[in-house]
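What follows is the residue order along each chain.
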Amino acid sequence: MKCLIIDAVHSSIAEEFSKYMQVDTHMLPTQEELAKLIPEYDVLIMRVDPAINKEILDAAKNLKVIGVCSVGLNHIDMDTAKAKGIQVFNAPGMNANAVAELTFSKMLDLSRHTIPANYDVKVNKNWDKYKFVGRELRGKTLGILGFGRIGQRVGELGRAFKMNIVAYDPYLPAHVFEEQQATSMSIDEVLKTADYVTIHMPLTPETKDLFNAKSIAEMKNDAVVLNMARGGIVNEKDMYEALKAGKIGGYASDVMENELAAGGLTEGASFDSPLFECDNFIVTPHLGAQSTDASRDIAELIIGKVKEALSL
């Protein structure tokens, strides 16, 4: 058997699978490149790029298992995979704490102006604490859109900061909100109530452009939005206009709508957005699961699932 790894994953995956099969690595191939590579492989280990379409799966004559070292599966044609008997395994929950901690990192950065203050000291050589008066999280209302594993961990951390937790998730029974000490609300209620709104939902036709001029207008004028889920849930043009107009207090994101456009993950690729003009916008390049701890935990889960599927 042969295994193909196409993204940066924990080294333990290659180490373990090499005991049973040939393991090759080809980092971040395009869809066309992968379609040419895939026919001879039994196992594919990946994260979220490239999207696995019908053409790739049709070319995958020997493929038995896809191990996805992330949570979402919306980048894989699951219907075709199922029809071809290809098992697809992901790692739900393994990155929950990593994403939750990054959420609070951004929340604190925006609240206490740490990024511009750091720039002012290190680049401008200024030492002026009076320029950067922030606000505390204590006593503020944290609205969580999507109350799964990540959302619930965010709520847990929020309670440690003495925040009031409100959440939206139509798929959860009432007792989950009670157990998590969170008030269940509709999206509209969350937007009107929360001082901080953090997004932990999948990108679907229903959630695309969920944050637009109309929904942003319903929020408090000093509210902060955090998108730790998928680009496209926030309409970036409308968010830019809201930030420029001072309608909301800030926007922090770990994702962008076109983050993979023009080879956004390839060496030397550049990336730009009008949002970069806004001082109250901070962004990271999809770092949510990028911790050594999450990578190790995800690898352990995927190794176990693949070995079980192949009876290794």
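Located above this text is the structure these notes cover.
Just so you know, these numbers come straight off a predicted model, no measurement behind them. (Residues numbered from 1 in each chain as written. Predicted model: local features only at pLDDT ≥ 70, side-chain atom pairs only at ≥ 80, totals over all residues. Heavy atoms only, no water.)

A.B. asks: So, the pattern of salt bridges: which residues are in play, and what are the values?
C.D. replies: In the structure shown here, the tally under the stated rule is 15 salt bridges. The salt bridge partner of Lys64 is Asp42, with a shortest N-O separation of 2.4 Å. Of this pair, Lys64 sits in the loop between helix H3 (54-59) and strand S4 (65-68) while Asp42 sits in the loop between helix H2 (31-37) and strand S3 (43-46), and the two are 22 residues apart along the sequence. When its relative accessible area of 34% is taken as the criterion, Lys64 is described as partly exposed. (Salt bridge = Lys/Arg side-chain N within 4 Å of Asp/Glu carboxyl O. Helix = DSSP H or I, 4+ residues; strand = E, 2+ residues; numbered from the N terminus. Buried < 20%, exposed > 50% of the residue type's maximum accessible area, 1.4 Å probe, protein only.)

A.B. asks: Now, about the pairing of strand S11 (residues 250-253): what can you tell me, with residues and values included?
C.D. replies: Successive residues of a regular strand alternate their side chains across the two faces of the sheet. Every second residue of S11 is oriented toward a common face, with Gly250 and Ala252 on one face and Tyr251 and Ser253 on the other, all of them buried. Examined bridge by bridge, strand S10 (residues 224-227) and S11 share 4 bridges and lie parallel to one another. In the sheet register, Val225 faces S11, and the bridge partner there is Tyr251. Bridge analysis of S11 against strand S12 (residues 281-283) gives 3 bridges, and the strand direction is parallel. The residue bridging Tyr251 from the neighbouring strand is Phe281, located in S12. (Pairing = 2+ DSSP bridges.)

Geometric values such as these leave the question of function open.
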